[in-house]
There are 8 protein chains.
Amino acid sequence: LRTGFPEVIWGPGKTPDQIAQIMAVMRQRTAVVMATRIESDVYTILQKKVRGLQYFELAKICAIAPPIIEPRFDGIIGILSAGTADLPVAEEAAVTAELSGFRVQRLWDVGVAGIHRLLSNRHLLESVNVLIVVAGMEGALPSVVAGLADCPVIAVPTSIGYGASFGGLAPLLTMLNSCAAGVGVVNIDNGFGAAVLAGQILRTCEKLR
Amino acid sequence: LRTGFPEVIWGPGKTPDQIAQIMAVMRQRTAVVMATRIESDVYTILQKKVRGLQYFELAKICAIAPPIIEPRFDGIIGILSAGTADLPVAEEAAVTAELSGFRVQRLWDVGVAGIHRLLSNRHLLESVNVLIVVAGMEGALPSVVAGLADCPVIAVPTSIGYGASFGGLAPLLTMLNSCAAGVGVVNIDNGFGAAVLAGQILRTCEKLR
Amino acid sequence: LRTGFPEVIWGPGKTPDQIAQIMAVMRQRTAVVMATRIESDVYTILQKKVRGLQYFELAKICAIAPPIIEPRFDGIIGILSAGTADLPVAEEAAVTAELSGFRVQRLWDVGVAGIHRLLSNRHLLESVNVLIVVAGMEGALPSVVAGLADCPVIAVPTSIGYGASFGGLAPLLTMLNSCAAGVGVVNIDNGFGAAVLAGQILRTCEKLR
Amino acid sequence: LRTGFPEVIWGPGKTPDQIAQIMAVMRQRTAVVMATRIESDVYTILQKKVRGLQYFELAKICAIAPPIIEPRFDGIIGILSAGTADLPVAEEAAVTAELSGFRVQRLWDVGVAGIHRLLSNRHLLESVNVLIVVAGMEGALPSVVAGLADCPVIAVPTSIGYGASFGGLAPLLTMLNSCAAGVGVVNIDNGFGAAVLAGQILRTCEKLR
Amino acid sequence: LRTGFPEVIWGPGKTPDQIAQIMAVMRQRTAVVMATRIESDVYTILQKKVRGLQYFELAKICAIAPPIIEPRFDGIIGILSAGTADLPVAEEAAVTAELSGFRVQRLWDVGVAGIHRLLSNRHLLESVNVLIVVAGMEGALPSVVAGLADCPVIAVPTSIGYGASFGGLAPLLTMLNSCAAGVGVVNIDNGFGAAVLAGQILRTCEKLR
Amino acid sequence: LRTGFPEVIWGPGKTPDQIAQIMAVMRQRTAVVMATRIESDVYTILQKKVRGLQYFELAKICAIAPPIIEPRFDGIIGILSAGTADLPVAEEAAVTAELSGFRVQRLWDVGVAGIHRLLSNRHLLESVNVLIVVAGMEGALPSVVAGLADCPVIAVPTSIGYGASFGGLAPLLTMLNSCAAGVGVVNIDNGFGAAVLAGQILRTCEKLR
Amino acid sequence: LRTGFPEVIWGPGKTPDQIAQIMAVMRQRTAVVMATRIESDVYTILQKKVRGLQYFELAKICAIAPPIIEPRFDGIIGILSAGTADLPVAEEAAVTAELSGFRVQRLWDVGVAGIHRLLSNRHLLESVNVLIVVAGMEGALPSVVAGLADCPVIAVPTSIGYGASFGGLAPLLTMLNSCAAGVGVVNIDNGFGAAVLAGQILRTCEKLR
Amino acid sequence: LRTGFPEVIWGPGKTPDQIAQIMAVMRQRTAVVMATRIESDVYTILQKKVRGLQYFELAKICAIAPPIIEPRFDGIIGILSAGTADLPVAEEAAVTAELSGFRVQRLWDVGVAGIHRLLSNRHLLESVNVLIVVAGMEGALPSVVAGLADCPVIAVPTSIGYGASFGGLAPLLTMLNSCAAGVGVVNIDNGFGAAVLAGQILRTCEKLR
Ligand SMILES: Nc1ncnc2c1ncn2[C@@H]1O[C@H](COP(=O)(O)O)[C@@H](O)[C@H]1O
Ligand SMILES: Nc1ncnc2c1ncn2[C@@H]1O[C@H](COP(=O)(O)O)[C@@H](O)[C@H]1O
Ligand SMILES: Nc1ncnc2c1ncn2[C@@H]1O[C@H](COP(=O)(O)O)[C@@H](O)[C@H]1O
Ligand SMILES: Nc1ncnc2c1ncn2[C@@H]1O[C@H](COP(=O)(O)O)[C@@H](O)[C@H]1O
Ligand SMILES: [Mg+2]
Ligand SMILES: [Mg+2]
Ligand SMILES: [Mg+2]
Ligand SMILES: [Mg+2]
Ligand SMILES: [Mg+2]
Ligand SMILES: [Mg+2]
Ligand SMILES: [Mg+2]
Ligand SMILES: [Mg+2]
């Protein structure tokens, strides 16, 4: 992402020292620096090395950022999750989007097994401009949402499940085969990538204005 | 299936002659004889060899049976299908059930991409005693239905779809990972097996009475 | 599950504190609260936080429940397991069913490699109203049982096995391809889901009476 | 898609008669009616039954539509394809978008094995507002394009290839694992779905204006 | 196979002319020449080119052989098949064994869904020296047989089935995971290979005598 | 295995206490009791609970057995392994066979990448009566051996390898597709099962004498 | 491939007219034009449209080329095939190499089931500079060859086989897991690509001289 | 590898004692002894047992070797890696090549998402004689490189990635399906094998000179 956007570090396989060093270099160049997939024990070490580090526990994101980030783009990114266990992925998307200057509207626990919770929130589907839909297990939520909403839908399969989920393969295939058109799919557990794509959509609108 | 139930022939890989011969033997033993997966050109040959043969075109089922089969068991089997292309599998289930003496209630084209059509038929979900839910592509329908209905749900994935459907693997995995409990899954395109299981459930109730 | 049925918590990925809190809320609403996939060390912590907590060690289920649960429904759920290693999954099904008010008949270690043990228990197959059949490795037991029994069969593949079992894929495929009709399959290791489906079947009978 | 948008028929598994009938019904409701995956021999029959039918041979799309469709939305959908064999899928996307009232910019044969052809067209990447990138075989094009372009990228894997392509599985996995963020993937060969998603993005911009 | 054993031609992908030529060369060297996977229309052409050609229709084997082949080895190869559709593979094994000079005992249609047919033939299991067990769909028969019999069991999965059979993958995995030890598995539909292995076992015994 | 043969315990998932208890019961019934897949730390605990326990470290087998087991059957089981890392599986086969009263001839490290080591041991292939061939990685050894030897070959794929080995899937498929006929395959890492099958073959010969 | 090298057309999915047109354009630019995967009936049409067209039937290659192509590079490419059915792929490699100006040495039918045929040709392995090894079914040949030869080995899996070959997946995995280092693998049936890589190796040597 | 080349030990599954012992034997025979996949804690133990042991931390290689190894062959092996996380595999290739007496040119972090970094290093692609290209995630780099370079390309997929990478399957398939010919693929993470193949290529050139 260009000027004004966060620089991003992919945490896994990097030592706290390495992360701290990369952050130090990056903060020279940009106002917001973030690292994803940071477990809380890594954060505990990191916060001693990096001044002013924030931690978004559920999202497992560390960031150097202004205390309040004013949305810099018009439009709202709606983020839905099917189950409680999908929250870390959904929050990775939400925090990434907010740190990048987008307005986010969250709606958790609207899985298809209790379809009425989703239906009683239809106004939300209509008030946002792009939707990120996060679901594990059978991954059916994006199909239902895409049928209800009239905006682009980004589907994020998660590795939540067991047995015939095969590490997220089941919801991934579900989402790719969605009978409702207008759904773009990202990698399993890739909340970050979904937020970047959603952001790209709103930036495109900005440019078209 | 015991006395009074149809004898069943699996059509594929059998010549019309072989099917006719087996039917001749079976009709001695039982009032209803049926053969599944019979293409219309096979039926054209068969009807010349087998007296009184009926053909259920959409279901691809041939049967020797009384013109009207009075339901012999209490309870209703509701059969739902997601898309038009899933109809042959859904009809295989419906005709099998009816030939076996069960009452059937059909509801076609209630796929999750247009969830309101399903919701406006909720009374049907409440008025049946066991549900067979047939879906291809992403196969999300059984999860939604199981969340709405308060009866056993039998899920039938179909091979309808393309690409990442992988011949029905996608809806099969979806249904096995259903986040709504109370769903039993049968093989891809196995409408026949679903009807037998649904029938077994209603027979069990008969015995418990 | 509606009024009178247990509320259920899925244990994995939740801290003991979280489980205890959810249980506290749930026990306000219902007489039976249960949590599945609880390892014994988690139970050790939980029992200090939750008054009157029972633990079913083999089933890995924690529950708040009356000391004795009188069956509230007619009919018996027979539960068969193929090998000793399949017991935790079979017990997950059995305890779930009992906590939900169903009568359960257990039959362990009747795998197909010693078919006579199964055959010498045929009376059991005839005295129950719905069967849950749990098997890992090659998963052949449900096919044999469905051929012998005249009631609905719910097949549960387990992840017991190694090598070409591929985490339970082998018995899953076996069960889906069962040459005996009338078998519904649930996810790998999903004893809980099998019990819910079996319970749904008996409740359906209750309503039909 | 709502008012003003084409109604769409999925061709495979439908007889020419069925397609003609559905088209007749649909043309009452909407100005543009289209059917996808129509082979030329099916078109030959269809054109005798449906007055004013157009055929887009490469795209395998039949349509009833005004001779010229004026773009109804701002913004341009850029469509790139990697190889000649990917053209039918790319054209399915292009024609769907044009029939839906969007402006399309095509760029064919810019596969990564000859990266300079892509690079010498960088101005195109900068002049469009959303990109559809179609590729079979190894499916690497969307990753490269997403690194160069600053707009949303929709990746379409095709079944073009052989051997270890496994019917399009190879490019599908490639695209899901794209190291460049901001890529949404649709099903194998699903040019139609990509066009609908791209259209949704430009409509969202319209609403935000 | 050494002196005295048939020379074998694998039919698929060879023209009738090629097969005839290879047979002509081989018959110089050995008393028995056979070709497998020969469809009846290929045989019709072949019989005009090759003098004294026999055809085993069900087995799809063509052979030049003495009219009667006296068993040259002690011991009996028992061959069991689960379903009618598995017969061609079972016959490929049986005819190969007989042409190679072994005594064969056939037992067809003893699938596990009707376990009593198998059990009422237990004497056969006890009177043979090696068993070839052929099964498609869920492929459970070899496990049951290996538990009953006290001789080596060779398991042959077939591609008979549909959906989640995945071309014979399901019975293949079933047989590899057999909970009864003493089972060796050959490739899907490989009746020929099973007969060679069974023959090798009886020849080993011959040498040990 | 019948009278005189060892009773066998599958170690994984059992506590040392459970194993000790089962052993205590079994030793009443039979002269040889063995347990497979026993890590050395489990043995350390076991030996304190079970009197006279032997440990075969490489094979990971614990046994209660006479100090010397005289072969009770004619014939020799040759056991070959491809690489050093395959030794535990090969030894599982060897020790199982020896404890069951069979004569074993070992030949380690004769992988196909150094074909001359195998060829310079051809006399061994000719002096044994049945061969167990253990190989991981590409699993090519059984094909080569079956081409050289004139006795039954039992192929054991191992999980040794990485990457595209996919846990032993690669050598398993290799062995099932062996272009040399007369090869029976057992599950990945199943040295035990290979020994039982080899033993069954020699017992069959015993009976035929 | 640069100046002096053939221009190549991938035949599948192109009409004879399209192929003829592309050839016409290409022959302006280069001395040798070739098209791969051309069935003989397509050639029959093509030869009427393209003057001076040669056809290599086994290789399924059409070419416009001088009658004799003098080798333009030092070094010999040895090409080995395991079975007769692998010949089309091996010849695709051989003809591609020859048309590109390389010297080729063929060795057919040296599969590992008859290892002595390979061993009695060891001089060939030593007299060539790069080896292309083509094998289907279990695909073990490249491992054995790489152990014997002291030059780069290019392994080509073929789709020859059935059942657990899964369209060439089995030999592909075998070759990737080769225990002999120094083996590079190309796509299933990709004789063309193997020839290009072998040619690249000899050209590199040319430049290094 | 013959005289003068390092002897190599595969570290995983060997104790430090075993590795030390094998090294002691090997150093008698050859000037360079190396062991791969050695974690730093294993090295810490090893260095106390083996005199003069070097450790290449990133490559996870231990070696007994002269302090400086003069290149013994003409030509340069270029090694490219896509991402930082791919470095250990790239370094395994580089150190193996250097210890074997080859000249190596490294180029790290030239993944396709930032194609300009690769393009601005085109001179390197032209100055080397064989290329090893290491990439995880979508694995697209070798295709792009093979299109730019005029020398043999060896592609190494890595297990870096998550979700739909399936342990390196995604980049493996990508590389096998490369639309640019002239690419040979080795196993996932097999930097060692790639170096041996590259070395074989330069040795072949040496011999041809
Ligand atoms: N959670 C995430 N999922 C996917 N990609 C990510 C994630 N976090 C960071 N990235 C990508 O990884 C890149 C940084 O990788 P690295 O240089 O290894 O730190 C960023 O530019 C992002 O594109
Ligand atoms: N459409 C179907 N799907 C699955 N199983 C079927 C179907 N039709 C028949 N069968 C089963 O196939 C058996 C008959 O097979 P066969 O003896 O080959 O005709 C019946 O007893 C049924 O259990
Ligand atoms: N080429 C295509 N690929 C994917 N989906 C399509 C395609 N063409 C049509 N559809 C979808 O199929 C639906 C119509 O299906 P049907 O009712 O079977 O004609 C449309 O509403 C589209 O969403
Ligand atoms: N990193 C590596 N990747 C693949 N193969 C290796 C690697 N390191 C060593 N080898 C191979 O393993 C063999 C030694 O295996 P071992 O005898 O078990 O130590 C060597 O000859 C090499 O061919
Ligand atoms: Mg929508
Ligand atoms: Mg329900
Ligand atoms: Mg039954
Ligand atoms: Mg971009
Ligand atoms: Mg037995
Ligand atoms: Mg042999
Ligand atoms: Mg070599
Ligand atoms: Mg190149």
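Computed from a prediction, not measured in an experiment: that's the story for all the values here.

Student: Tell me what's going on with the overall build of chain A, and back it up with residues and numbers.
Tutor: Helix and strand counts for chain A stand at eight helices and nine strands. Its C-alpha atoms give chain A a radius of gyration of 17 Å, near enough to 17 Å, the size a compact globule of 209 residues would have. Over its C-alpha atoms, taken along the principal directions, chain A stretches across nearly 45 × 45 × 25 Å. About 7400 Å² of surface is accessible on chain A, with carbon and sulfur atoms providing 53% of the total. Of the charged side chains in chain A, 17 are positive and 17 negative, and the gap between their average positions amounts to 8 Å.

Student: Run through the sheet that holds strand S2 (residues 33–36) of chain H, naming residues and quoting values.
Tutor: Residues and elements named next belong to chain H. Spatial ordering of the open sheet is given by S1-S2-S4-S3, a layout of four strands whose pairing is mixed. Among the strands making up the open sheet, the edge pair consists of strand S1 (7–10) and strand S3 (53–56). In this sheet, adjacent strand axes meet at a mean angle of 20° when their direction is disregarded. Sheet topology places S3 next to strand S4 (residues 61–64); four bridges connect them, and they run antiparallel. Looking at S4, one finds that Leu 53 is bridged to Ile 64. Helix H2 (residues 40–49) rests against S3 and S4 of the sheet, and its axis sits at about 170° to S3.

Student: Describe in detail the coordination of the magnesium ion (ligand 10), supporting the description with residues and values.
Tutor: Every protein donor of the magnesium ion (ligand 10) is accounted for by Ala 146 of chain F (O) and Ala 149 of chain F (O), and the metal-donor separations fall at 2.1 to 2.3 Å. One exposure class covers both Ala 146 of chain F and Ala 149 of chain F, and it is buried.

Student: Residues and numbers for the relation of the copies chain D and chain A, please.
Tutor: Each copy superposes on the other: chain D lies on chain A with an RMSD of 0.0 Å after a rotation of 180° and an axial shift of 0.0 Å. Seen this way, the second copy is the image of the first under a two-fold rotation axis. Of all interface residues in chain D, 100% are interface residues in chain A too; the two copies therefore contact each other through one and the same surface.

Student: Outline the site of ligand 1, supporting the account with residue identities and numerical values.
Tutor: For ligand 1, the full set of nearby residues is Val 8, Ile 9, Trp 10, Lys 14, Thr 36, Arg 37, Glu 92, Asn 190 and Phe 192 of chain A together with Tyr 162 of chain H. Near ligand 1, the surrounding residues are drawn from chains A and H. One of the side-chain nitrogen or oxygen atoms of Lys 14 of chain A is found 2.8 Å away from an oxygen atom of ligand 1. Asn 190 of chain A is positioned with one of its side-chain polar atoms (N or O) 3.2 Å from a nitrogen atom of ligand 1. Expressed as a share of its isolated accessible area of 510 Å², the protein-covered part of ligand 1 is 72%. Among the elements that make up the shell around ligand 1, the one with the highest residue count is strand S1 (residues 7–10) of chain A (three residues).

Student: Explain the interface of chain C and chain B to me, using residue names and the numbers behind them.
Tutor: Taken together, the contacts link 34 residues of chain C with 34 residues of chain B. Between chain C and chain B the total buried area reaches about 2700 Å² when both faces are included, carbon and sulfur atoms providing 59% of it. When the buried surface of chain C facing chain B is broken down by residue, Asp 150, Leu 176 and Leu 208 of chain C rank first, second and third, together holding 24% of it. Across the chain C-chain B interface, the total number found is four salt bridges. The shortest N-O distance in the salt bridge between Asp 150 of chain C and Arg 203 of chain B comes to 3.3 Å. The interface formed by chain C and chain B holds eleven residue pairs in polar contact (both at pLDDT 80 or more) in total. Looking at the side of chain C that touches chain B, the elements with two or more residues in it are helix H6 (141–148), helix H7 (169–176), strand S9 (183–185) and helix H8 (191–208) of chain C.

Student: I'd like to hear about the confidence of the model for chain A, residue by residue, with values.
Tutor: When pLDDT is averaged along chain A, the result is 95, and 98% of the positions lie at 70 or above. With pTM at 0.95, the complex prediction returns an ipTM value of 0.95.

Student: Please give an account of the relation of the copies chain C and chain B that cites residues and values.
Tutor: Copy one and copy two of the chain differ by a rotation about an axis and a translation along that axis. The transformation that overlays chain C on chain B combines an axial shift of 0.0 Å with a rotation of 180°, and the residual RMSD is 0.0 Å. Take the interface residues of chain C: 100% of them recur as interface residues in chain B, which is what a same-surface contact looks like.

Student: Give a detailed account of the environment of Gly 11 of chain G, specifying residues and quantitative values.
Tutor: Residues and elements named next belong to chain G. In this fold, Gly 11 is placed in the loop between strand S1 (7–10) and helix H1 (16–29). On the basis of relative accessible area, Gly 11 is assigned to the buried category, the value being 5%. A C-alpha to C-alpha distance of 9.5 Å links Gly 11 and Val 42, two positions 31 residues apart in sequence.

Student: Give me the lowdown on the packing of helix H1 (residues 16–29) of chain F against helix H2 (residues 40–49) of chain F, citing residues and values where you can.
Tutor: All names here are of chain F. For the pair H1 and H2, interaxial distance at closest approach is 9 Å and the crossing angle is 45°. Here H1 lies oblique to H2, going by the angle between them. Crossing geometry of H1 relative to H2 is assigned as right-handed. On H2, the residues that touch Pro 16, Asp 17, Ile 19 and Ala 20 of H1 are Val 42, Ile 45, Leu 46 and Lys 49. The residue inventory of the contact of H1 with H2, partitioned by class, reads six nonpolar, no polar and two charged.

Student: Kindly report on the pairing of strand S8 (residues 153–157) of chain D, identifying the contributing residues and their values.
Tutor: All names here are of chain D. Counting buried positions along S8 gives five out of five residues, so the element sits mostly inside the fold. Burial along S8 is two-sided: the face carrying Val 153, Ala 155 and Pro 157 and the face carrying Ile 154 and Val 156 are both buried. Pairing of strand S7 (residues 130–135) with S8, which is carried by five bridges, proceeds in the parallel orientation. If you follow Val 134 over to S8, its bridge partner there is Val 156. In this region the chain leaves S7, passes through helix H6 (residues 141–148) and returns to the parallel neighbour S8; the handedness of that crossover is right-handed. Taken together, the three bridges between S8 and strand S9 (residues 183–185) define a ladder with parallel strand orientation. Paired with Ile 154 across the two strands is Gly 184, which belongs to S9.

Student: Any details on the pattern of salt bridges? Residues and values, ideally.
Tutor: Applying the stated criterion across every chain, the model contains 88 salt bridges over all chains. One salt bridge in this structure joins Lys 49 of chain A and Asp 17 of chain A, with 3.0 Å as the shortest N-O distance. Of this pair, Lys 49 of chain A sits in helix H2 (residues 40–49) while Asp 17 of chain A sits in helix H1 (residues 16–29), placing them 32 residues apart in sequence. Judged by its relative accessible area of 43%, Lys 49 of chain A is partly exposed. The class for Asp 17 of chain A is partly exposed, based on a relative accessible area of 45%. A salt bridge links Arg 106 of chain B to Glu 91 of chain B; the shortest N-O distance between them is 2.7 Å. You can see Arg 106 of chain B sitting in strand S6 (residues 103–107) and its partner Glu 91 of chain B sitting in helix H3 (residues 87–99), a full 15 residues away along the chain. The exposure class assigned to Arg 106 of chain B is partly exposed, which follows from its relative accessible area of 31%.

Student: Residue-level account of unusual backbone geometry, with values.
Tutor: Even without being glycine, Asp 189 of chain B reaches a positive phi, approximately 65°. Asp 189 of chain B sits in the buried class, given a relative accessible area of 16%. In the Ramachandran plot, Asp 109 of chain C falls in the positive-phi region, its phi being about 65° despite a non-glycine side chain.

Basis of the calculations
Residues numbered from 1 in each chain as written. Chains lettered and ligands numbered in written order. Predicted model: local features only at pLDDT ≥ 70, side-chain atom pairs only at ≥ 80, totals over all residues. Heavy atoms only, no water. Helix = DSSP H or I, 4+ residues; strand = E, 2+ residues; numbered from the N terminus. Rg over C-alpha atoms; globule rule 2.2 N^0.38 Å. Areas by Shrake-Rupley, 256 points an atom, 1.4 Å probe, with all protein chains shown as cover. Lys, Arg positive; Asp, Glu negative; His and termini not counted. Charge placed at Lys NZ, Arg CZ, Asp CG, Glu CD. Pairing = 2+ DSSP bridges. Axes fitted to C-alpha atoms, helices over the stretch in contact; angles between N-to-C directions. Contact = heavy atoms within 4.5 Å. Donors = N, O, S within 2.8 Å, 3.2 Å for Na, K, Ca; no water. Buried < 20%, exposed > 50% of the residue type's maximum accessible area, 1.4 Å probe, protein only. Least-squares fit on C-alpha atoms with pLDDT ≥ 70 in both. Near = heavy atom within 4 Å. Polar contact = N/O pair within 3.5 Å; in protein donor to acceptor, adjacent residues only side chain to side chain. Buried area = accessible area lost by both parts, 1.4 Å probe. Salt bridge = Lys/Arg side-chain N within 4 Å of Asp/Glu carboxyl O. pLDDT = per-residue confidence, 0-100. Parallel < 35°, antiparallel > 145°, perpendicular 65-115°, else oblique. Left-handed = near helix turned anticlockwise from the far one by under 90°. Nonpolar A, V, L, I, M, F, W, Y, C, P; charged D, E, K, R; others polar. Right-handed = clockwise from strand over helix to strand, strands pointing away.

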